Amino acid sequence: MCPPHFLAPVPCCAVTRRSLSHGFVASIDEAQRQHAELVRVLQRSGVRCHMLTPDPTLPDMCFTRDVGVSTPWGMVALNPAMFHRRPEVGRLIQHLGASDALVRNIRAGTIEGGDICVAREGLLLIGMSGERSTAAGINDFSAPFLAAGWEVLICPFHADNLHLDTIFCMVDRDEAIACVDLLDPGFLAAVRARGISIIAVPDSAASTLDCNILSLGDRHIVARTDGIVAPILRAADYDVTEVDISQFAACGGGIHCLTQPLRRATSSERERSG
């Protein structure tokens, strides 16, 4: 994670451009309060939060999801399409230092973490708008997964929806929420064919970053407050904690965007833990 000390709306996506057209001005004090509450929620749930040092030249740095992805083989530093975000990759690498957590960098094409969903062991889902994540970037990132025998499903979608995780997020090993009318029917069919059920949510959840949730396991979900997704998930028997992220949503990011997992437990580790 990264504190939002220098958060500012950058007009690089449809959501932020709409916010600016409505007169939005970021409040750093309020953004810091909201971010601190998200950190407290995660810590109360047993999550250890590591903080990057914010940079005054990088207004989107708090959206840590997009610059790196934890894979079964370690952390992969990505290659964002937006030039103003590329220096964030260097900050991530600097933070990891000499550790063996970083296994490689993506250099072919572009790919951003909001489009990558390591759904479960053996299944990788990737969104491709062509604007943020391109075919070359997806091929580079997915190569080790394919070599290890994983299935890789690619979902084309309209670039106005920014990333896959604004319209599709896993809530459990075999269940996801999705703005189904904004997703490719072939992708939905392929996901369902692999035993993943889908809880449909209204298309409006995309532009409000309401679909952009974080699953903590054991049916515990962190979602934005006052949204339409939290009650839908509660009705499906999920334990939902709501957090106000209005400052970040106006800048084009949600709870999933604000968090980057650093390590994934292997199946043997999960078995040992019960």
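Residues numbered from 1 in each chain as written. Predicted model: local features only at pLDDT ≥ 70, side-chain atom pairs only at ≥ 80, totals over all residues. Heavy atoms only, no water.

Novice: Would you mind going over the overall build of the protein with me for this structure?
Specialist: Secondary structure assignment for the protein yields nine helices and 12 strands. A globule of 274 residues ought to have a C-alpha radius of gyration of about 19 Å, and the protein, at 17 Å, matches this closely. Going through the 274 residues of the protein one by one, you find that 51% of them count as buried. A sequence separation of at least 24 residues applies to 65% of the contacts in the protein between residues at least 6 apart. For the protein, the exposed surface amounts to about 11,600 Å²; the carbon and sulfur share of it is 52%. Of the side chains in the protein, 24 bear a positive and 31 a negative charge, and the two mean positions are spaced by 4 Å. (Helix = DSSP H or I, 4+ residues; strand = E, 2+ residues; numbered from the N terminus. Rg over C-alpha atoms; globule rule 2.2 N^0.38 Å. Buried < 20%, exposed > 50% of the residue type's maximum accessible area, 1.4 Å probe, protein only. Contact = heavy atoms within 4.5 Å. Areas by Shrake-Rupley, 256 points an atom, 1.4 Å probe, with all protein chains shown as cover. Lys, Arg positive; Asp, Glu negative; His and termini not counted. Charge placed at Lys NZ, Arg CZ, Asp CG, Glu CD.)

Novice: How should I be thinking about the pairing of strand β4 (residues 116–120) in this particular structure?
Specialist: Looking along a regular strand, one sees side chains alternate from face to face of the sheet. When you tally the buried positions in β4, you get five out of five residues, the bulk of the element. By the bridge criterion, four bridges tie β4 to strand β5 (residues 123–128) in an arrangement that is antiparallel. Among the inter-strand pairings, Cys117 is bridged to a residue of β5, identified as Leu125. Two successive antiparallel strands, β4 and β5, enclose a turn made up of two residues, where Gly122 displays a positive phi of approximately 95 degrees. (Pairing = 2+ DSSP bridges.)

Novice: What am I meant to see in unusual backbone geometry here?
Specialist: Generally, phi is negative for residues other than glycine and the peptide bonds are trans, each holding for most cases. The phi torsion at Arg219 lies on the positive side, around 65 degrees, for a residue other than glycine. Here Arg219 falls in the partly exposed class, since its relative accessible area comes to 28%. The backbone of Asp226 shows a phi angle near 60 degrees, a positive value even though the residue is not glycine. Here Asp226 lies in the loop between β11 (220–224) and α7 (229–235). Owing to a relative accessible area of 72%, Asp226 belongs among the exposed residues under this scheme.

Novice: Hey, could you run me through the packing of aromatic side chains in this one?
Specialist: Aromatic rings in a pair are described by how distant their centres are and how their planes are angled relative to each other. Throughout the structure, instances matching the rule amount to six aromatic pairs. Their ring planes at 85 degrees and their centres at 6.2 Å tell us that Phe63 and Phe248 sit as a pair that is edge-to-face. One end of the pair, Phe63, is in the loop between α2 (28–44) and β1 (68–71); the other, Phe248, is in helix α8 (residues 246–250), with 185 residues separating them in the sequence. Both residues of the pair, Phe63 and Phe248, count as buried. Ring geometry for Phe145 against Trp150: centres 5.0 Å apart, planes inclined by 75 degrees, an arrangement best described as edge-to-face. The ring of Tyr238 has Arg219 sitting right over it, with the charged end atom 3.8 Å from the ring centre. (Phe/Tyr/Trp six-rings, centres within 6.5 Å; stacked < 30°, edge-to-face > 60°. Lys NZ or Arg CZ within 6 Å of the ring centre and 35° of its normal.)

Novice: How should helix α3 (residues 86–96) be read in this particular structure?
Specialist: Helical periodicity: at 3.6 residues per turn, an α-helix aligns residues three or four positions apart in one direction. If you check which residues of α3 are buried, you get Glu88, Val89, Leu92 and Leu96. Relative to the axis of α3, the buried residues are bounded by an arc of 110 degrees and lie together on one face. Its buried side turned inward, α3 meets β1, β2 (74–77) and β3 (102–105). Once α3 ends, the next one or two residues include Gly97, with phi positive near 60 degrees. (Arc of directions from axis to C-beta.)

Novice: Can you help me understand the confidence of the model for the protein in this one?
Specialist: Caution is warranted with low-pLDDT regions, since their predicted coordinates should not be read in detail. Taken as a whole, the protein shows an average pLDDT of 94; of its residues, 95% reach a score of 70 or greater. Throughout residues 267–274 the model reports pLDDT below 50, and contacts reaching past four residues in sequence, or to other chains, amount to five contacts. (pLDDT = per-residue confidence, 0-100.)

Novice: Where do I start with helix α5 (residues 185–193) in this structure?
Specialist: All buried positions along α5 are accounted for by Phe187, Leu188, Ala190 and Val191. On an axial view of α5, the arc spanned by its buried residues comes to 165 degrees, and they lie on one face. In α5, the exposed positions that point more than 90 degrees away from the buried face belong to Pro185 and Ala193. For α5, the side-chain oxygen to backbone nitrogen distance between the N-cap and Gly186 is 3.2 Å, and the N-cap itself is Asp184. Positive backbone phi, approximately 80 degrees, marks Gly195, located one or two places after α5. (Polar contact = N/O pair within 3.5 Å; in protein donor to acceptor, adjacent residues only side chain to side chain.)

Novice: It is not clear to me how the nonpolar core should be interpreted in this structure. Could you clarify?
Specialist: One broad rule of soluble globular proteins: the nonpolar side chains tend to lie buried together. One finds Leu125, Phe168, Ile177, Leu183 and Leu233 to be the most contacted residues of the largest nonpolar core, which totals 37 residues. The residues touching Ile177, leaving out its near neighbours within four places in the chain, are Ile167, Phe168, Cys169, Val171, Ile199, Val201, Cys211, Ile213, Val229 and Leu233. The next biggest cluster of nonpolar side chains, apart from the first, holds 26 residues, and it includes Leu42, Leu162, Leu214 and Leu258. (Core = buried A, V, L, I, M, F, W, Y, C linked by side-chain atoms within 4.5 Å.)

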